[in-house]
Amino acid sequence: MLIDNHQRKINYLRLAVTDRCNLRCNYCMPESGINFAKKYKLLSIDELYRLSKTLVEQGITKIRITGGEPFVRKDLMVLLRKLSALPKLEDIRITTNATLIGQHIPELKELGIKNINLSLDAITPETFKKVTRRDQFETVYGNLIKLIQEDFNVKVNFIALDGQNTEDMIPILEDLTRHYPVSVRFLEEMPFNGGSKNFQTIKWNHKAIYNYIASQYPNIEKLSSEKTSTSVNYRIEGFEGNFGIIPSFTRNFCGSCNRLRITATGDVITCLYASANRNIRDILRAENSEENIKNEILKAVGSRAKDGFEAEDRNKNYYENSMTSIGG
Ligand code: SAM
Ligand code: SF4
């Protein structure tokens, strides 16, 4: 079992399978993209699998596949097939922009992968294009509806972006959660955009998001959530689905954090706001990798910052990072 230096159990791995993406969300990276990693630095499917297997032996029970956009990786399904055969891995989840997931829906279902987080920061093609710099709203919306119809447990991630998409917040609740059993989670924007902009405060923090929604709906009920949940969840009376708010910038959930991140190039990251001070790629490519990886992971987990603020203090250039390379 992995226990960190603050006595938190670490059983949840967020595994980035690529830093590439076919969208250019403006809160995530500049229009020209970022300095993407050289191909040889990206972990192969076999390396991602061996690493996951080792970490599952160390106590990881849940893996979220993320990126970049996981489905730009043509061999992603090979990894998912191998991971689904690991007996001690209880749960595989995917975070995706849903542009390319459509053709894989039947196989994902067969593999028992039920939990999909789908990033959608707009409910009109115009806002979608403004935010993502690509014209793919219809594809994403179509795939979202398909996933719901196929009984996937879908959570929509919507980043509240001042001056860009907040007028879509109520319409997306009306469009999705009124009629469908989905959760729409509103996230605070974080300054991980590849250096496009740095900020110390945000207008749309969790309180502003809640107050805005509450001003439109008088009957909101707070739902109970798991201790390790990063979202505070609510139900609007008469709605089929629910909504959540994730204070990703305000960071008041660190006390129960159970996560470990590994980037597509093998950096080990113990907090979103921390710098990567360990890389396991070379270890994974050398002899006797299993024991050596276990030791590196133990060292990383044993020296975690107490919370995102302590991590940020140790990492002055954190805002130059992009979520596409950290693995959101
Ligand atoms: N491409 C996939 C997607 O967009 O779902 C997975 C990778 S993306 C980096 C993972 C999550 O990070 C997405 O939900 C995205 O909205 C979120 N994200 C990216 N940049 C962010 C930022 N600056 N602040 C808050 N969330 C961000
Ligand atoms: Fe791509 Fe996801 Fe970043 Fe958008 S948030 S640019 S979809 S990696």
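Residues numbered from 1 in each chain as written. Chains lettered and ligands numbered in written order. Predicted model: local features only at pLDDT ≥ 70, side-chain atom pairs only at ≥ 80, totals over all residues. Heavy atoms only, no water.

The name recorded for the protein chain in an unreviewed UniProt entry is GTP 3',8-cyclase, from Zunongwangia pacifica.

## A few points about the overall build of the protein chain
Spelled out, the test is: Note on conventions: DSSP H or I runs of at least 4 residues are helices, E runs of at least 2 residues are strands, and numbering of each starts at the N terminus. In this treatment the radius of gyration is a C-alpha quantity, and the globule benchmark scales as 2.2 Å times the residue count to the 0.38 power. Relative accessibility thresholds used throughout: buried, under 20% of the residue-type maximum; exposed, over 50%; partly exposed, between the two (1.4 Å probe, protein chains only).
Scanning the protein chain for helices and strands turns up eleven helices and 14 strands. Its C-alpha radius of gyration of 19 Å places the protein chain within 12% of the 20 Å reference for a compact globule of 328 residues. Dimensions of the protein chain along its principal axes, counting C-alpha atoms only, are 60 × 45 × 40 Å. For the protein chain, the residues scored as buried account for 57% of the 328 residues in total.

## So, the pairing of strand 11 (residues 242–246)
The line we're drawing: Strands were regarded as paired on the criterion that DSSP finds at least two bridges between them.
Most of strand 11 is tucked away, with four of its five residues classed as buried. Note: strand 8 (residues 183–188) against strand 11, five bridges, orientation parallel. Each residue of the ladder has a partner; that of F186, found in strand 11, is I245. Of the pairings in the sheet, the one linking strand 10 (residues 232–236) to strand 11 comprises three bridges and is antiparallel in character. Across the sheet, residue V232 finds its bridge partner in strand 11, namely I245. In this structure, the hairpin formed by strand 10 and strand 11 is closed by a connection of five residues, where G238 is found at a positive phi of approximately 90°.

## A look at the site of ligand 2
As a reminder of what qualifies: Only a single heavy atom is needed: when it lies within 4 Å of a molecule or strand, its residue is near that molecule or strand. Under the scheme applied here, ten amino acids are nonpolar (Ala, Val, Leu, Ile, Met, Phe, Trp, Tyr, Cys and Pro), four are charged (Asp, Glu, Lys and Arg), and all others, including Gly, are polar.
Every residue lining ligand 2 is accounted for by C21, L23, C25, Y27, C28, M29, G68, N97 and T324. Its residues placed into classes, the shell around ligand 2 shows six nonpolar, three polar and no charged.

## Overview of the site of ligand 1
To keep it simple, the criterion reads: Side-chain atoms alone can form a polar contact between residues adjacent in sequence; in general such a contact is a pair of N or O atoms within 3.5 Å, and within protein one must be able to donate a hydrogen while the other accepts it. For the area figures, the Shrake-Rupley method with a 1.4 Å probe applies, and any residue is considered shielded solely by the protein chains shown.
Residues in close proximity to ligand 1 total 18 residues, the closest being Y27, G68, S119, M190 and M323. T96 is positioned such that a nitrogen or oxygen atom in its backbone is 3.2 Å from an oxygen atom of ligand 1. M190 is positioned such that a nitrogen or oxygen atom in its backbone is 2.7 Å from a nitrogen atom of ligand 1. Calculation on ligand 1 without its partners gives an accessible area of 540 Å², and the protein chains cover 96% of this total. When contributions to the shell around ligand 1 are tallied by element, the ones reaching two or more residues are strand 5 (91–96) and strand 7 (153–160). Classifying every residue of the shell around ligand 1 by side-chain character gives six nonpolar, nine polar and three charged.

## Looking at the pairing of strand 4 (residues 62–66)
Selection criterion: For the handedness criterion, the strands are oriented away from the viewer, and a crossover whose path from the first strand over the helix to the second runs clockwise is classed as right-handed.
Of all five residues in strand 4, four are buried, a share of seventy percent or more. Of the pairings in the sheet, the one linking strand 3 (residues 12–16) to strand 4 comprises five bridges and is parallel in character. If you follow L13 over to strand 4, its bridge partner there is I63. In this fold, the crossover linking strand 3 to strand 4 by way of helix 1 (residues 45–57) has right-handed handedness.

## Focus on helix 9 (residues 289–301)
Rules: The length a helix should cover is 1.5 Å for every residue beyond the first. By arc we mean the arc of the directions from the helix axis to the C-beta atoms, nothing more.
A rise of 1.5 Å per residue sets the reference length of helix 9, with its 13 residues, at 18 Å; its end C-alpha atoms lie 18 Å apart and thus fit the reference within 8%. Listing the buried residues of helix 9 in full gives S289, I293, K294, E296, I297, A300 and V301. Around the axis of helix 9, the buried residues are gathered within 165° of arc, so they sit on the same side.

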